[in-house]
Amino acid sequence: MNSSAPVVGIIIGSQSDWDVMRHCQETLEKLGVGCETRIISAHRTPRRLDEYASNAKTRGLKVIIAGAGMAAALPGSAAALTPLPVLGVPMEGKMMGGLDAMLAMIQMPGGVPVGTLGLGNAGAKNAALLAAAIIALSDETVAQALDAFREEQTNAVPETPPGD
Ligand code: RP5
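Residues numbered from 1 in each chain as written. Predicted model: local features only at pLDDT ≥ 70, side-chain atom pairs only at ≥ 80, totals over all residues. Heavy atoms only, no water.

Asks: Honestly, the site of the ligand in this entry has me stumped. Any pointers?
Replies: Every residue near the ligand is listed here: G13, S14, S16, D17, R44, A68, G69 and M70. One of the side-chain nitrogen or oxygen atoms of S14 is found 2.6 Å away from an oxygen atom of the ligand. One of the backbone N or O atoms of G69 is found 3.0 Å from an oxygen atom in the ligand. By residue class, the composition of the shell around the ligand is two nonpolar, four polar and two charged. (Near = heavy atom within 4 Å. Polar contact = N/O pair within 3.5 Å; in protein donor to acceptor, adjacent residues only side chain to side chain. Nonpolar A, V, L, I, M, F, W, Y, C, P; charged D, E, K, R; others polar.)

Shown next as structure tokens:
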């Protein structure tokens, strides 16, 4: 967790998701977006999920990012319990490389949306960037941090490959 008050809540279905989802937290921290991370499983700790998602908005969170694998019910279940935007990051798994988790997150019934990102580290990083973009709509400091991130990213791409 970083020092400023959390506006993004990262929830992960298992400690085993942290190796990927730490990229999400690190990206938010780099942008100066206050965040917190909790291990919450839709299946193993359903009451913890209810408590967290039901109170998220009142606690000042603006966006929830949920990383989960296998049945990957976490983002959809969280979305059912909060009016906040929920972003889902599917974890790569033994079955179908995580495609199962991705499809589970995408196939939400109409009326309860989850914004699903891609698999792996890129998905975790992009979830943070998308959350920051949502926060930036009403936070000029985060908007400027995002602009700086984009500029740095662009400047880091060489025009030609090495040795060319
Ligand atoms: C999901 O089951 C978690 O999000 C994780 O990706 C997957 C496996 O969990 P562990 O058995 O490694 O705890 O709920």
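Asks: Can you help me understand unusual backbone geometry in this one?
Replies: Of note in this structure, A72 is not a glycine but carries a positive phi near 55°. Considering the arrangement of structural elements, one finds A72 in the loop between β3 (63–68) and α3 (74–79). (Helix = DSSP H or I, 4+ residues; strand = E, 2+ residues; numbered from the N terminus.)

Asks: I would appreciate a short explanation of the nonpolar core in the present structure.
Replies: Most often, soluble globular proteins have nonpolar side chains that are buried together. Counting residues in hydrophobic clusters, the biggest one holds 28 residues, and the most contacted among them are V8, I10, M21, C24, L28 and I65. Within the residue set of this core, elements represented by two or more residues are β1 (8–12), α1 (18–30), β3, β4 (86–90), α5 (120–136) and α6 (140–155). Here the element with the most residues in this core is α5; it accounts for eight residues. Excluding its chain neighbours within four sequence positions, the residues that come into contact with I10 are M21, C24, Q25, L28, C35, E36, T37, R38, Y52 and I65. Among the nonpolar cores identified, the runner-up in size contains 20 residues, and A42, L61, L84 and V114 belong to it. (Core = buried A, V, L, I, M, F, W, Y, C linked by side-chain atoms within 4.5 Å. Buried < 20%, exposed > 50% of the residue type's maximum accessible area, 1.4 Å probe, protein only. Contact = heavy atoms within 4.5 Å.)

Asks: Would you mind showing me how to read the side chain of S41 here?
Replies: By secondary structure assignment, the location of S41 is in the loop between β2 (35–39) and α2 (46–55). The exposure class assigned to S41 is buried, which follows from its relative accessible area of 10%. A polar contact of 3.2 Å, which involves the side chain of S41, links it to the backbone nitrogen of H43. Sequence-distant contacts of S41, that is, excluding residues within four places in its chain, are made with G13, P46 and L74.

Asks: Where do I start with the packing of α5 against α6 in this structure?
Replies: Packed helix pairs are characterised by how far apart their axes lie and by the angle those axes make with each other. Close contact between α5 and α6 brings their axes to 8 Å; oriented N to C, the two are set at 140°. Comparing their axes, α6 and α5 come out oblique. Pair α5 / α6 crosses with left-handed handedness. Here K125, L129, A132, A133, I135 and A136 of α5 come into contact with α6, specifically with V142, A143, L146 and F149. For the contact of α5 with α6, the residue count by class is nine nonpolar, no polar and one charged. (Axes fitted to C-alpha atoms, helices over the stretch in contact; angles between N-to-C directions. Parallel < 35°, antiparallel > 145°, perpendicular 65-115°, else oblique. Left-handed = near helix turned anticlockwise from the far one by under 90°.)

Asks: Would you take a moment to explain the sheet that holds β3 for this structure?
Replies: Sheet strands pair via backbone hydrogen bonds, and the direction of the pair is either parallel or antiparallel. Ordered in space as β2-β1-β3-β4-β5, the five strands form an open sheet in which the pairing is parallel. Taken across any chain shown, the strands that pair with only one partner, and hence form the sheet edges, are β2 and β5 (115–116). One ladder, built from five bridges, connects β1 with β3; its direction is parallel. Bridge pairing in β3 links I10 to I65. The sheet contacts of α2 involve β1, β2 and β3, and relative to β1 the element is tilted by about 170°. (Pairing = 2+ DSSP bridges.)

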